[in-house]
Amino acid sequence: MKNPIYFSILVLITSLKLQAQDAGESPSAKNVFYFSPIHLLASQFRMAYERNVGKKANSIMVVGGLILGKSSSFSKNGGAGELHYRASVIYKKISGATIRVFAGPFVKGKYLERTSYYSYDSLNYLSYNDTVTNYISSYSGGMVAGFELSLIDKISFNVYIGGGAQYSDIIGRKDKNQDDMVFQPGYTGIIPEGGILIGVRF
């Protein structure tokens, strides 16, 4: 448990000390509310708030999400939160549009209650049901780099990708059909990180 947490803290402290290249002036509209459409595919509703800080176009972004899903074979509910620091490497204004390239660290936490439902038929033609519930807490941190396009200083499109380390703690009976591979909530190890955000700047 300790190694991924120490790694996340180290990445955050180291990145905050980095000085971005001369990226120009900070945008006039310093706040952005984002929505993440891609997370809807994973039964998550996720919003983000980004604030430009300092004289240059560096920023801090806070992300919050609600996890909710149910079918005949499983149900899940929980929440997630993230904190990103983004140092601007390139910041250019071109004909009513703003282009920004950034990089920086992130830390993330997630809590999930996951229940799986099973039905079995035995050799004597009797059937029975089984329910497995897990309570999963995960913590991760790492680095991402990305690209932001802002139109007329109002609408922003944001894409980022990177990776880091994650530790997960699972409470409850182990679900034998849950592999907890890299994209599963109970995974511990090296993870990819990325996102696509659409927002309004103000």
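Now for a description of the structure that goes with this document. Please read all numbers here as calculations on a predicted model, not as lab measurements.

**As for the overall build of the chain**
Each helix and strand in the chain was counted, giving one helix and eight strands. Helices (α) and strands (β) of the chain occur, in sequence order from the N terminus, as α-β-β-β-β-β-β-β-β. Going through the 202 residues of the chain one by one, you find that 41% of them count as buried. Long-range pairs, those at least 24 residues apart, make up 62% of the contacts in the chain between residues at least 6 apart in sequence. Working note: accessible area of the chain is about 11500 Å², and carbon and sulfur atoms make up 65% of it.

**Regarding the side chain of Q166**
Mapped onto the fold, Q166 is located in strand β7 (residues 155-171). Of the residues examined, Q166 reaches a relative accessible area of 10% and is grouped as buried. A polar contact is formed between the side chain of Q166 and the side chain of S168, at a distance of 3.4 Å.

**Focus on the environment of G189**
Within the fold, G189 resides in strand β8 (residues 189-201). Through-space distance from the C-alpha of G189 to that of S140 is 9.3 Å; in sequence the pair is 49 residues apart. When residues no more than four places from it in sequence are discounted, the contact partners of G189 are G164, A165 and Q166.

**Some thoughts on the packing of aromatic side chains**
Counted by the stated rule, this structure contains three aromatic pairs. Ring geometry for F33 versus Y49: centroids 5.4 Å apart, planes at 50°, classification tilted. One end of the pair, F33, is in strand β1 (residues 31-35); the other, Y49, is in strand β2 (residues 44-53), with 16 residues separating them in the sequence. Owing to a relative accessible area of 46%, F33 belongs among the partly exposed residues under this scheme.

**Describing the pairing of strand β3 (residues 58-70)**
Two strands pair when backbone bridges link them, and β2 and β3 are joined in this way by ten bridges, in the antiparallel orientation. Its bridge partner lying in β3, F45 is registered against L66. With twelve bridges connecting them, β3 and strand β4 (residues 74-94) associate as antiparallel partners. Directly across from V62, in β4, lies its bridge partner L83. In this antiparallel pair of consecutive strands, β3 and β4, the connection spans three residues.

**Remarks on unusual backbone geometry**
Unlike most non-glycine residues, S43 shows phi in positive territory, near 60°. Here S43 shows up in the loop between β1 and β2. At S95, a position not held by glycine, the phi torsion is positive, near 45°. One can find S95 in the loop between β4 and β5 (97-121).

**Concerning the pattern of salt bridges**
Scanning all chains against the criterion turns up seven salt bridges. Its salt-bridge partner being R201, residue E148 comes within 2.5 Å of it at the nearest N-O pair. Of the two residues, E148 sits in strand β6 (residues 127-151) while R201 sits in strand β8, which places them 53 residues apart along the sequence. For the pair formed by E148 and R201, the shared burial category is buried. Three or more residues are tied together by salt bridges with common partners; here these are E50, R86, R100, E148 and R201.

**Regarding the nonpolar core**
One finds V32, Y34, A48, M61, V63, F102, F106, V144, Y160 and L197 forming the largest nonpolar core, which totals ten residues. When residues of this core are traced back to their parent elements, those giving at least two are β1, β3 and β5. Once you skip the residues sitting within four places of it in the chain, V63 turns out to touch R46, M47, A48, A80, G81, E82 and H84.

Conventions we followed
Residues numbered from 1 in each chain as written. Predicted model: local features only at pLDDT ≥ 70, side-chain atom pairs only at ≥ 80, totals over all residues. Heavy atoms only, no water. Helix = DSSP H or I, 4+ residues; strand = E, 2+ residues; numbered from the N terminus. Buried < 20%, exposed > 50% of the residue type's maximum accessible area, 1.4 Å probe, protein only. Contact = heavy atoms within 4.5 Å. Areas by Shrake-Rupley, 256 points an atom, 1.4 Å probe, with all protein chains shown as cover. Polar contact = N/O pair within 3.5 Å; in protein donor to acceptor, adjacent residues only side chain to side chain. Phe/Tyr/Trp six-rings, centres within 6.5 Å; stacked < 30°, edge-to-face > 60°. Pairing = 2+ DSSP bridges. Salt bridge = Lys/Arg side-chain N within 4 Å of Asp/Glu carboxyl O. Core = buried A, V, L, I, M, F, W, Y, C linked by side-chain atoms within 4.5 Å.

From the geometry alone we can't say anything about function, so treat these as descriptive.
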